[in-house]
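Understanding the architecture of this molecule
These are the residues of each chain, in order.
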Amino acid sequence: MAECEHLSRCPFFNETLPNMPTMVSYLKSTYCRRDFQQCARYMVRQALGAEKVPSDLFPYEIHRATRMIRSAEQ
Ligand code: SF4
């Protein structure tokens, strides 16, 4: 378990995303500071690049991230 390498640059972690839900601190402790490799934003960034991470993508949206990565590979 370790902190995500994208903490300093990630809009989600730095709270610059619009309409942030109240659960954001829970998500940060769960994903950003512990299990970042399971984060949907991390997955898309690693596979497709930072510019391809949708601003409204939440860390728990693994299925959405997987679809994006698969369609980019086709
Ligand atoms: S939201 Fe995902 S990509 Fe962003 S800092 Fe947290 S774990 Fe890393």
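What this report covers is the structure whose coordinates are included nearby. (Residues numbered from 1 in each chain as written. Predicted model: local features only at pLDDT ≥ 70, side-chain atom pairs only at ≥ 80, totals over all residues. Heavy atoms only, no water.)

This paragraph deals with the site of the ligand. Taken together, Cys4, Leu7, Cys10, Phe12, Phe13, Tyr31, Cys32, Phe36, Cys39, Arg41, Tyr42 and Pro59 are the residues near the ligand. Given that more than half its atoms are within 2 Å of the pocket grid, the ligand belongs to the largest pocket. (Near = heavy atom within 4 Å. 1 Å grid on protein atoms, 1.4 Å probe; cavity = no way out; pocket = protein on both sides within 12 Å on 5 of 7 lines; lining within 4 Å. Sits in = over half its atoms within 2 Å of the grid points.)

At their nearest, the axes of helix H2 (residues 40-48) and helix H3 (residues 62-73) sit 8 Å apart, and the two run at 10° to each other. Judged by the angle between their axes, H2 and H3 are roughly parallel. The chirality of how H2 crosses H3 is right-handed. Along its contact with H2, which presents Ala40, Met43, Val44, Ala47 and Leu48, the element H3 presents Ile62, Ala65, Thr66, Met68, Ile69 and Ala72. Classifying every residue of the contact of H2 with H3 by side-chain character gives ten nonpolar, one polar and no charged. (Axes fitted to C-alpha atoms, helices over the stretch in contact; angles between N-to-C directions. Helix = DSSP H or I, 4+ residues; strand = E, 2+ residues; numbered from the N terminus. Parallel < 35°, antiparallel > 145°, perpendicular 65-115°, else oblique. Left-handed = near helix turned anticlockwise from the far one by under 90°. Contact = heavy atoms within 4.5 Å. Nonpolar A, V, L, I, M, F, W, Y, C, P; charged D, E, K, R; others polar.)

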